[in-house]
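One-letter residues, chain by chain:
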Amino acid sequence: MKTRVRFAPSPTGHLHVGGARTALFNYLFAKKTGGTFVLRIEDTDELRSTDESTKSIFQSMKWLDLKWDEGAMPDLSEKGDFGPYIQSKRESDGIYKKYAEQLLEEKKAYYCYCSSEELDEMRKKALSEKRDPKYDGRCRHLSAEEIEEFKKQGRKPVIRFRMPDDGQTVFEDLVHKHLKFENKLLYDFIMIKASGYPTYNFACVIDDHLMEMTHIIRGDDHISNTPLQLNVYKAFGWEPPQHAHLSMILGQDGTRLSKRHGATSITEYEKQGFLPETMKNYLALLGWGTTDSQDIFKKGELEEKFDLKGCQKSAAAFDPVKLEWMNGEYIRQLSKDELFDAAQPYLKDFGLNLDKANPLHFNVVALEQEKYKLLSDVGGMVYFFFQDVKYDEAAIDKILKAPDIETILNGIKKTYSEISEFNDIVLESKTREFAKSNGFKNGQVFHPVRVSVSGSTKGPTLFKMIEYLGKEEVIKRIDKTLSLIEI
RNA sequence: GGCCCCAUCGUCUAGCGGCCUAGGACGCCGCCCUCUCAAGGCGGAGAUCACGGGUUCGAAUCCCGUUGGGGCCGCCA
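Residues numbered from 1 in each chain as written. Chains lettered and ligands numbered in written order. Predicted model: local features only at pLDDT ≥ 70, side-chain atom pairs only at ≥ 80, totals over all residues. Heavy atoms only, no water.

## Describing the overall build of chain A
Stage number 1. In terms of helices and strands, chain A carries 21 helices and 13 strands.
Stage number 2. Compactness check: chain A gives a C-alpha radius of gyration of 32 Å against a globular reference of 23 Å for 487 residues, more than 25% above the reference.
Stage number 3. By principal-axis analysis of the C-alpha atoms, chain A measures approximately 110 × 50 × 40 Å.
Stage number 4. Taking as baseline every contact in chain A between residues at least 6 positions apart, the subset at least 24 positions apart corresponds to 73%.
Stage number 5. For chain A, the exposed area adds up to about 24200 Å²; of that, 51% sits on carbon and sulfur atoms.
Stage number 6. If you average the places of the 71 positive and of the 77 negative side-chain charges in chain A, the two averages end up 2 Å apart. (Helix = DSSP H or I, 4+ residues; strand = E, 2+ residues; numbered from the N terminus. Rg over C-alpha atoms; globule rule 2.2 N^0.38 Å. Contact = heavy atoms within 4.5 Å. Areas by Shrake-Rupley, 256 points an atom, 1.4 Å probe, with all protein chains shown as cover. Lys, Arg positive; Asp, Glu negative; His and termini not counted. Charge placed at Lys NZ, Arg CZ, Asp CG, Glu CD.)

Structure follows, in structure tokens:
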């Protein structure tokens, strides 16, 4: 049978790294098994769902190149035979109501007239008395008179699922293996809210069944929802899909990932200058691994090697340091051409408008390729080719206050001004010659020249840098440095 | 409070009863390369496999308990 999986985000914010990981695993599973990857929007939270969030999620999915075969599309169209794929649309089509009514008729569900305030109070009281705060099922057996009375009060009921009082709900989770729950510990959850909207636990089951999902791959914070949902499948006499619960992603300190750990949304990582390939690779490795602990995957390799068997049961801490290392690896793998294109938007943000067709621009960006960890690093490392040098204080103290500095810089200035073929080969031999014939060590000469033209002790290979800068500019910068020293 | 899940270097992980005096990767340290910084190469430190009991000739691997961490118990998903 062809596999069908889905990613079903709630549009209540940007795509989170946890959500992205869930989306990725579903995507990889579909690719690996030759199945269908569906995107469904779970916007049944009328208060928190926004169109901006939906757009942002689509945008992040696109950035990560997680293409879905079926579902809600960015242009708001629907693709596939199991639509609508947006739950609010499904609600207005009356889908959930229809199934709720079926359970009502079969006495597998009932109306509950408790107000949210009453429910809140019951919960608080139970918690303060250290009792189970779950709903006690008091509306299960309302008399006709009681119902009349509630109606007279104008109360809007919710529909609750009648959970079995005994027995067990067991299932074989694809990552956690055998999971077992006592039905008497489950509770009569709300299927339909007073607003008429379905709740997650109900809508999810109806849609997963109607959309013919074969596997549910989601975070393990849903483990305790699973027995609830499984009982709904049972009440309808439906065959449930297989479940695979993925471990959670934690912050560096091992606590739940949150804003105080830094960036949590995919858009933020994009802004910071990570490549989408890096994010996919890194996220794949959080909670999953191959038997040979492979860490860098070529294009298409994850799709080929992914297997739920490699999923970790325990939670994984998100390590931004390793993420940066990995991004450096991916940046180094880029062709000069790809690097320029990838860096371009970040250069613009830096105030550098570089032209790929200009050989100088093109070469300068590639010059320090092996050093970039983030695409946003590029600007700060190449700006001095195009803008005024910002002298690093420490570099001035360390290098430009050395003895004989003026002799060296004046000598180099003279040497360079006499070079007609201003390229790195000639520059290097002339510079070395100057040092040797004047009794200076190479470093004594190289370092001040470097600081003079770039303002920093760190930078690209010296003579290429000088070549790219050009004779006129280099001499100008040496002059400027000399004037700084005199002061 | 109840139920559930989890537990190998700081971190991500390999391991699925003997190949483990526990392997790889990030990070860290040192050396090499070298015009700096990186990258790269080589080497090193770093895990009594949370703890305590079993089972077994033999356990990181199986079982039980303890501890610790996490999740859920919402008209959120």
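## Describing the protein's contact with RNA strand B
Stage number 1. Around RNA strand B sit 65 residues, and of these Thr44, Gly287, Lys371, Phe446 and Thr461 come closest.
Stage number 2. Close to the protein, within 4 Å, the atoms of RNA strand B are drawn from sugar and phosphate at a rate of 74%.
Stage number 3. One of the backbone N or O atoms of Cys114 is found 3.0 Å from a base nitrogen in RNA strand B.
Stage number 4. In the environment of RNA strand B, a sugar or linking oxygen lies 3.1 Å from a nitrogen or oxygen atom belonging to the side chain of His176.
Stage number 5. Secondary structure elements with two or more residues in the surface near RNA strand B: α5 (116–128), β8 (177–182), β13 (316–317), α12 (320–333) and α19 (442–454).
Stage number 6. Per-element accounting of the surface near RNA strand B gives the leading share, five residues, to α12. (Near = heavy atom within 4 Å. Polar contact = N/O pair within 3.5 Å; in protein donor to acceptor, adjacent residues only side chain to side chain.)

## Some details on the packing of helix α17 (residues 405–417) against α19
Stage number 1. With their axes 10 Å apart at the nearest point, α17 and α19 run at an angle of 75° to one another. Accordingly, the angle class assigned to the pair α17 and α19 is roughly perpendicular. Contact residues: α17 offers Ile405, Ile408, Leu409, Ile412 and Tyr416, while α19 offers Gln444, Val445, Pro448, Val449 and Ser452.
Stage number 2. Counted by class, the contact of α17 with α19 contains eight nonpolar, two polar and no charged residues. (Axes fitted to C-alpha atoms, helices over the stretch in contact; angles between N-to-C directions. Parallel < 35°, antiparallel > 145°, perpendicular 65-115°, else oblique. Nonpolar A, V, L, I, M, F, W, Y, C, P; charged D, E, K, R; others polar.)

## Focus: the environment of Gln344
Stage number 1. Take Gln344: it is sitting in helix α13 (residues 336–349).
Stage number 2. On the accessibility criterion, Gln344 (17% relative accessible area) is buried. (Buried < 20%, exposed > 50% of the residue type's maximum accessible area, 1.4 Å probe, protein only.)

## Thoughts on the packing of aromatic side chains
Stage number 1. Scanning the model with the defined rule gives 21 aromatic pairs in all.
Stage number 2. Where Phe236 meets Trp238, the ring centres are 4.2 Å apart and the plane angle is 10°; that geometry is what we call stacked.
Stage number 3. Assessed through its relative accessible area of 10%, Phe236 is described here as buried.
Stage number 4. For Trp238, a relative accessible area of 15% translates into the label buried.
Stage number 5. In textbook terms, an aromatic cluster arises when at least three aromatic residues are bridged by ring pairs, as seen for Phe25, Trp288, Phe297 and Phe306.
Stage number 6. Across the ring face of Phe82, the terminal group of Arg4 is positioned such that the distance to the ring centre comes to 4.1 Å.
Stage number 7. For the cation-ring pair, Arg160 lies above Tyr135, with the distance from its terminal atom to the ring centre recorded as 3.4 Å. (Phe/Tyr/Trp six-rings, centres within 6.5 Å; stacked < 30°, edge-to-face > 60°. Lys NZ or Arg CZ within 6 Å of the ring centre and 35° of its normal.)

## Observations concerning the sheet that holds strand β1 (residues 4–7)
Pairing between the strands of a sheet comes from backbone hydrogen bonds, and it takes one of two forms, parallel or antiparallel.
Stage number 1. Strand order across the open sheet formed by four strands is β1-β2-β3-β4, with mixed pairing between neighbours. Sheet topology places β1 and β4 (78–79) at the edges, where each strand pairs with a single neighbour.
Stage number 2. As defined by bridge partners, strand β3 (residues 70–72) adjoins β4 across two bridges and the pair is classed as antiparallel. Across the sheet, Gly71 pairs through a bridge with Lys79, a residue of β4. (Pairing = 2+ DSSP bridges.)

## Details of helix α7 (residues 200–210)
Stage number 1. In terms of burial, α7 is largely enclosed, as eight of its eleven residues are buried.
Stage number 2. Listed as buried for α7 are Asn201, Phe202, Ala203, Cys204, Val205, Ile206, Asp207 and Asp208.
Stage number 3. The first or second residue beyond α7 is Glu212, which carries a positive phi of 60°.

## Quick look at the pairing of β1
Stage number 1. Going residue by residue along β1, you find Arg4 and Arg6 tucked away on one face and Val5 and Phe7 tucked away on the opposite face as well.
Stage number 2. Bridge count between β1 and strand β2 (residues 36–39): four bridges; the pairing is parallel. Residue pairing for β2: Phe7 is matched across the bridge by Leu39.
Stage number 3. In the classification by handedness, the crossover that spans β1, the intervening helix α1 (residues 17–33) and the parallel β2 is right-handed. (Right-handed = clockwise from strand over helix to strand, strands pointing away.)

## Here's the deal with the sheet that holds strand β6 (residues 158–161)
Stage number 1. Reading across the sheet, the three strands line up as β5-β6-β9 and stay open at both edges, with antiparallel pairing between neighbours. Single-partner strands in this sheet number two, and they are β5 (109–112) and β9 (190–192). In this sheet, neighbouring strand axes are inclined to one another by 45° on average, regardless of whether the strands run parallel or antiparallel.
Stage number 2. The sheet contact formed by β5 and β6 spans four bridges and is antiparallel. When the sheet's bridge partners are listed, Cys112 is paired in β6 with Val158.

## Structural notes on the side chain of Arg90
Stage number 1. Within the secondary structure, Arg90 sits in helix α3 (residues 87–92).
Stage number 2. Among the polar contacts listed, one links the side chain of Arg90 to the backbone oxygen of Pro84, at a separation of 2.6 Å.
Stage number 3. Setting aside anything within four residues of it in sequence, one finds Arg90 in contact with Phe82, Gly83, Pro84, Ile95, Tyr96, Asp207, Leu210 and Met211.

## Considering the domain arrangement of chain A
Stage number 1. Segmentation of chain A into domains returns domain 1 (4–72 + 249–317), domain 2 (94–246), domain 3 (335–376) and domain 4 (393–486).
Stage number 2. Computed over C-alpha atoms, the centres of domain 1 and domain 4 are 49 Å apart. (Domains from an automatic or database assignment.)

## A short note on the side chain of His245
Stage number 1. In this structure, His245 sits in strand β11 (residues 242–246).
Stage number 2. Assessed through its relative accessible area of 0%, His245 is described here as buried.
Stage number 3. Of the polar contacts made by the side chain of His245, one reaches the side chain of Arg218; its length is 3.3 Å.

## Some points on the packing of helix α10 (residues 276–284) against α12
Stage number 1. Axis separation between α10 and α12 bottoms out at 9 Å; the angle between their running directions is 130°. The angle between α10 and α12 places the two elements in the oblique class. With respect to the hand of their crossing, α10 and α12 are arranged in right-handed fashion. On α12, the residues that touch Glu277, Thr278, Met279, Asn281 and Tyr282 of α10 are Lys322, Leu323, Met326, Asn327 and Tyr330.
Stage number 2. Residue composition of the contact of α10 with α12, grouped by class: five nonpolar, three polar and two charged. (Left-handed = near helix turned anticlockwise from the far one by under 90°.)

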